[in-house]
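The primary structure of each chain is shown beneath.
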Amino acid sequence: MEWKNKADVVIIGGGIIGSATAYNLAKLGRSDVVVLERGTVCCGSTGRCGAGIRAQWGTEMNCRLGIAALDIFEQLDEELGMQVGLNQGGYLLVAYTEREFKNLKKSMELQHRLGIKTKTVSLAEAREICPALDASDAVGFTYHARDGHADPFLTTFAFVEAAKMLGVSYFRHAECTGVTVRNGRAVGVDTTLGHIDADIVINCAGPYAQVVASMAGVELPNWGDRHEIMITEPVAPGVCPSMLMSFSGNYYIQQRPNGSIICGMSPAGHPQDFKLGTTWRFMTEMSRVLNKLLPVTRGIRVVRQWSGLYDMTPDGSPIIGETDVKNFYHSTGYSGHGFMLGPIAGRILAQSLIGNKPDIDFSMLDYRRFARGELIVEPNIT
Ligand SMILES: Cc1cc2nc3c(=O)[nH]c(=O)nc-3n(C[C@H](O)[C@H](O)[C@H](O)COP(=O)(O)OP(=O)(O)OC[C@H]3O[C@@H](n4cnc5c(N)ncnc54)[C@H](O)[C@@H]3O)c2cc1C
């Protein structure tokens, strides 16, 4: 594709956030959009994630975003004209202490107020939801049947293709190397393929968002946090149709439609740098947890393990909005939940950029909240 020297909007990053934002802008009529991706679509956190989707959150903002994202996911195949691999087997959250169960129930009250139909379930009911489960040491469970998972590649590719049909241009292997600021406004971007003028620049660079922000002199408090994950060979499909997750147990476990199991945890002391890599320690600890929870997995083989970066903020909540540099926007800091929030995050930022009232008021996700000390601390994360 021929390089463009000018666009209305330049988006940096071709993961789920950049792609959903590009699609939504074009859908709302602002289609002179260029997406710059320094690698290939989905080469970042999106293509490395566990792909869980849930509305069981502990802050009002995340609950609102989570249930709105589910509403979008449920009709996304139709909207984008491609399958996104949505599987709504629910999320079964497992508490191992009375205190943790109390916190889950407190979150559930908030969820109920916001129309999210989470319920508590007994061990026997949990075993009906997930027949292979051995969690006799658990104190309690909450379950939301509409939660689940989707395919991160299919979902992102669907946004990309739909965006391109509406006129969006994608440039791969195009690294943003500088953001041009004139009189306090972002007016363009330097890249390895050349310069491009822009009326609006949006930073969707995931764990590298603070690096891109600094190109315009903006300091974001984000950091990249390495998380490991692995996939096993298949066991009988349907042994664990729901996503299993525990905050104190420090795991999430998902069974793919073919029977393979994807699982991840956050070992203590995981490095906060940009390096990727895998460890023996993760695989042995994760296997132990998996074998205990789903004894049917004992003796099966791990097919692949990999790692990716959570794009962390000090409160575990995203940063969406403009910065002190005018026309320079950020949609970043989604920590371990940016895949699921991508469709709604893309929609609300696009709505606000074209001057419409966003479906969800996201002004509290402004990056200045950290300086003000107004943190939105999400308790329900691993
Ligand atoms: C192991 C793991 C498990 C996870 N599990 C889940 C889960 O179950 N559910 C969930 O919702 N989320 C999960 N996440 C989090 C989720 O992956 C992220 O929040 C989400 O993918 C962020 O999307 P993004 O588009 O912001 O970032 P990315 O997908 O990282 O996209 C950013 C893109 O920007 C590009 N880029 C960076 N710098 C530049 C530059 N200078 N110029 C051009 N391009 C640039 C990168 O190459 C990258 O492709 C998980 C993450 C990991 C690592």
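Each value, and the rule that gives it
Residues numbered from 1 in each chain as written. Predicted model: local features only at pLDDT ≥ 70, side-chain atom pairs only at ≥ 80, totals over all residues. Heavy atoms only, no water. Helix = DSSP H or I, 4+ residues; strand = E, 2+ residues; numbered from the N terminus. Rg over C-alpha atoms; globule rule 2.2 N^0.38 Å. Buried < 20%, exposed > 50% of the residue type's maximum accessible area, 1.4 Å probe, protein only. Contact = heavy atoms within 4.5 Å. Lys, Arg positive; Asp, Glu negative; His and termini not counted. Charge placed at Lys NZ, Arg CZ, Asp CG, Glu CD. Near = heavy atom within 4 Å. Polar contact = N/O pair within 3.5 Å; in protein donor to acceptor, adjacent residues only side chain to side chain. Areas by Shrake-Rupley, 256 points an atom, 1.4 Å probe, with all protein chains shown as cover.

### Some words on the overall build of the protein
(1) Moving on: When helices and strands are tallied, the protein shows 10 helices and 18 strands.
(2) Moving on: For 382 residues, the compact-globule estimate of 2.2 N^0.38 gives 21 Å, and the protein sits close to it at 20 Å.
(3) Moving on: Each principal axis of the C-alpha atoms in the protein carries an extent, and together these give about 60 × 40 × 40 Å.
(4) Moving on: Counting every position in the protein, which comprises 382 residues, the buried fraction comes to 59%.
(5) Moving on: Sequence-distant contacts in the protein: of pairs separated by 6 or more residues, those separated by 24 or more amount to 74%.
(6) Moving on: For the protein, the centre of its 36 positive side-chain charges and the centre of its 39 negative side-chain charges are spaced 3 Å apart.

### Brief notes about the site of the ligand
(1) Moving on: Around the ligand, a shell composed of 40 residues is seen, among which Glu-37, Thr-46, Gly-52, Cys-176 and Met-340 lie nearest.
(2) Moving on: A distance of 3.1 Å is found between a nitrogen atom of the ligand and a backbone nitrogen or oxygen belonging to Arg-38.
(3) Moving on: Ser-45 is positioned such that a nitrogen or oxygen atom in its backbone is 2.9 Å from an oxygen atom of the ligand.
(4) Moving on: Contact with the protein chains removes 97% of the 1000 Å² of surface that the ligand exposes when unbound.
(5) Moving on: At the level of secondary structure, the elements contributing two or more residues to the shell around the ligand comprise α1 (16–27), β2 (33–37), β12 (223–232), β16 (302–312) and α9 (338–353).

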